[in-house]
Amino acid sequence: MGEEVRRTTYDRAQRQEYRRKVRLCLDVFETMLAQSRFDADRPLTGMEIECNLVDSDYLPAMSNRSVLEAIADPAYQTELGAYNIEFNVPPRPLPGHTGLDLEAEVRASLNDAEAKAKSGGAHIVMIGILPTLMPEHLDDGWMSESTRYAALNDSIFSARGEDIPINITGPEPLSWHAATIAPESACTSMQLHLQLAPGEFAANWNAAQVFAGPQLALAANSPYFFGHQLWSETRIELFAQSTDTRPEELKSQGVRPRVWFGERWITSVLDLFRENIRYFPSLLPEVSDEDPVAELAAGRTPQLAELRLHNGTVYRWNRPVYDVLDVEGTGRPHLRLENRVLPAGPTVIDMLANAAFYYGVLRSLSEAQDPLWNRMDFVVAEANFLKAARHGIDARLHWPGVGEVPARELVLDTLLPLAEEGLRDWGVDAEVRDRFLGVIEGRARAGRNGASWQVSTVRSLEDGGMSRQAALAEMLRRYCEHMHTNQPVHTWDS
């Protein structure tokens, strides 16, 4: 969940003042990049896991308020939908044995949360899109109680001026109209954070963009929405369409979408914040009392609240984050790269394997003497990303020096060695590397990820005489059983 706001509507004066403040924040941020010391001596990684809640019939349970009260842990928070919760995993360094410790901690925390949710009749599911979610579930009572979410909904529809069409291709194309941003709540992801020094940011962001296609192809886990089989990672296109503030006329004029891959390689983190302000009007023009110029002049670290709030409403798949942490009583600024590409699930070990794969490849690509983005057009990276979303593990992707190859082959022959080298450079123990990269190798060799398992299981159940709705519920029941075993998805039977 993003930062809460105080109101749901804003007048013209507030919008004008917010525009002034966000530009002022950008100027101060540019000064800080040149003068301030950002906290990056001991870089930390972080993880957020968005989950769904279901009832005993594996249908959406609009009960996150009571579930969170039962869990009673600040690491768990609301998300947009009343059937969503988010688990914020405490940040930690990557080297050593941390990965295996993290696996045990995340499993223990989620198991405890599941037991408490179950006492109230709900179950927690980690999956990209809840396959049993249907249009009637998003009619009323679907939104979490939050001023921020109500304000976002109002702002998006005020900007758009009409209902949002949801049109997604695939084996069973879907056409639907949304009168709210409710379809966005269907998109549940795992977000990875990496703390970076300002000078390292551009190379890491570029590397993350290069890697986004194969990263998504291997991890796709969202083949169904409203009962239709669509893309392998339908979440990508659904999220883009459900938050689109542009009517058709603005699309035809080339106005950028708020869910955005980007359009060029960068040379500084400042490029991304400048683009955000140049291209995207405010959705939540909440003005703070801080004078960032005075704060910086007084030797304090400015919060840059307007810049951060605006950045949180531009939904890049790899997003820059500015934050201030209290370090020994002193506010220290830091930068994070937030990777938003991956869906949630299917298991803790699958998600941590995805994370290890990402951090390892990112390290190798970002430190290469001849960076790949010098040999890859940006539009090719975006095309890889969209092909991966559509076709998942069966996608064919373009890679410099290799040409167009199956994603599985690219992973096995090119990316796994890079991940191994990168994790070794991070100082990750061999036992950790072997466990998590072994899962990635097994998934690539088997040609099975969450999306392909879901589709094959539903087909098998339908061949046995079940209706689509019954097959989806039964598939989800089996999915949950496998999820709790923590066996990687490529080893699951139907």
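Fair warning: this is a prediction, and the values are worked out from it, not measured in the lab.

Judged by nonpolar contacts, the single largest core of 161 residues is most densely connected at F29, I49 and F357. F29 has contacts with F38, V269, L270, F273, L304, L307, Y322 and L335, leaving out every residue within four places of it along the chain.

Let's shift gears to unusual backbone geometry. Here the residue pair G345 and P346 is connected by a cis peptide bond, since its omega of -5° sits within 30 degrees of zero. As for its position among the elements, P346 is in the loop between β13 (330-343) and α11 (348-366). Even without being a glycine, F226 presents a positive backbone phi close to 55°. Inspection of the secondary structure assignment puts F226 in the loop between β8 (224-225) and β9 (228-229). For F226, a relative accessible area of 5% puts it in the buried group. For N486, which is not glycine, the phi dihedral falls at a positive 60°. Secondary-structure assignment places N486 in the segment after α16 (468-485). Among the residues examined, N486 registers a relative accessible area of 4% and is labelled buried.

Moving on, we come to the state of the cysteines. Linking two cysteines covalently through their sulfur atoms gives a disulfide. The tally for this structure, following the rule as stated, stands at 0 disulfides. With no disulfide partner, C51 has as its closest neighbouring cysteine sulfur the one in C480, 11 Å distant. For C480, a relative accessible area of 6% corresponds to the buried category.

On to the packing of aromatic side chains, then. The full count for this structure, using the stated rule, is 22 aromatic pairs. Their ring planes at 65° and their centres at 5.0 Å tell us that F29 and F273 sit as a pair that is edge-to-face. Placement of F29 in helix α1 (residues 12-35) and of F273 in helix α8 (residues 269-279) is noted, with a sequence separation of 244 residues between them. Taking relative accessible area as the criterion, F29 reaches 0% and is therefore assigned buried. Ring centres 4.9 Å apart and planes at 80° place the aromatic pair W176 and F226 in the edge-to-face group. Here F226 lies in the loop between β8 and β9 and W176 lies in strand β6 (residues 174-178), a separation of 50 residues in the sequence. You can call W176 partly exposed: its relative accessible area is 22%.

Moving on to the environment of L250. Checked against the element boundaries, L250 lands in helix α7 (residues 248-252). Exposure remark for L250: the relative accessible area of 31% places this residue in the partly exposed category. For the pair L250 and R160, spaced 90 residues apart in sequence, the C-alpha to C-alpha distance is 9.5 Å.

Let us look at the pattern of salt bridges. Counted by the stated rule, this structure contains 37 salt bridges. One salt bridge in this structure joins E275 and R316, with 2.9 Å as the shortest N-O distance. In this pair, E275 sits in helix α8 while R316 sits in strand β11 (residues 315-316), placing the two residues 41 residues apart along the sequence. A salt bridge links E420 to R433; the nearest nitrogen and oxygen atoms lie 2.8 Å apart.

Scanning the model with the defined rule gives 2 cavities of 30 Å³ or more in all. Here the largest cavity defines a volume of roughly 230 Å³. If you go around the largest cavity, you meet 20 residues; those closest to its centre are L94, G99, L102, A355 and Y359. Contributing elements (two or more residues each) for the lining of the largest cavity: β1 (45-54), β3 (84-92), α3 (98-118), α11 and α14 (430-446).

Roughly 430 Å³ of internal volume is contained in the second largest pocket. What lines the second largest pocket is a set of 25 residues, among which E237, A240, R246, P257 and V259 lie closest to the centre. Looking at the lining of the second largest pocket, the elements that each hand over two or more residues are β5 (164-168), α6 (234-242), α7, β10 (259-260) and α12 (378-391). Looking at side-chain class alone, the lining of the second largest pocket contains 12 nonpolar, 3 polar and 10 charged residues.

When the terminal C-alpha atoms of α12 are compared, their 20 Å separation across 14 residues agrees well with the 20 Å that a helix rising 1.5 Å per residue should span. F378, A381, N384, F385, A388 and A389 are the residues of α12 that are buried. Across the axial projection of α12, the buried residues extend over an arc of 130°, all falling on one side. Residues of α12 that are buried sit in contact with α5 (198-219), α6, β13 and β14 (396-399). Phi turns positive, to about 60°, at G392, one or two residues after α12.

Moving on to the packing of α3 against α11. Axis separation between α3 and α11 bottoms out at 10 Å; the angle between their running directions is 140°. As for how α3 packs across α11, the hand of that crossing is right-handed. Facing α3, whose interface residues are G99, L102, E103, V106, R107 and L110, α11 presents V348, I349 and L352. Of the residues contributing to the contact of α3 with α11, the split by class is 6 nonpolar, 1 polar and 2 charged.

Conventions and cut-offs
- Residues numbered from 1 in each chain as written.
- Predicted model: local features only at pLDDT ≥ 70, side-chain atom pairs only at ≥ 80, totals over all residues.
- Heavy atoms only, no water.
- Core = buried A, V, L, I, M, F, W, Y, C linked by side-chain atoms within 4.5 Å.
- Buried < 20%, exposed > 50% of the residue type's maximum accessible area, 1.4 Å probe, protein only.
- Contact = heavy atoms within 4.5 Å.
- Helix = DSSP H or I, 4+ residues; strand = E, 2+ residues; numbered from the N terminus.
- Disulfide = S-S within 2.5 Å.
- Phe/Tyr/Trp six-rings, centres within 6.5 Å; stacked < 30°, edge-to-face > 60°.
- Salt bridge = Lys/Arg side-chain N within 4 Å of Asp/Glu carboxyl O.
- 1 Å grid on protein atoms, 1.4 Å probe; cavity = no way out; pocket = protein on both sides within 12 Å on 5 of 7 lines; lining within 4 Å.
- Points joined across faces, edges and corners; volume = space filled by probe spheres on them.
- Nonpolar A, V, L, I, M, F, W, Y, C, P; charged D, E, K, R; others polar.
- Expected span 1.5 Å × (residues − 1).
- Arc of directions from axis to C-beta.
- Axes fitted to C-alpha atoms, helices over the stretch in contact; angles between N-to-C directions.
- Left-handed = near helix turned anticlockwise from the far one by under 90°.

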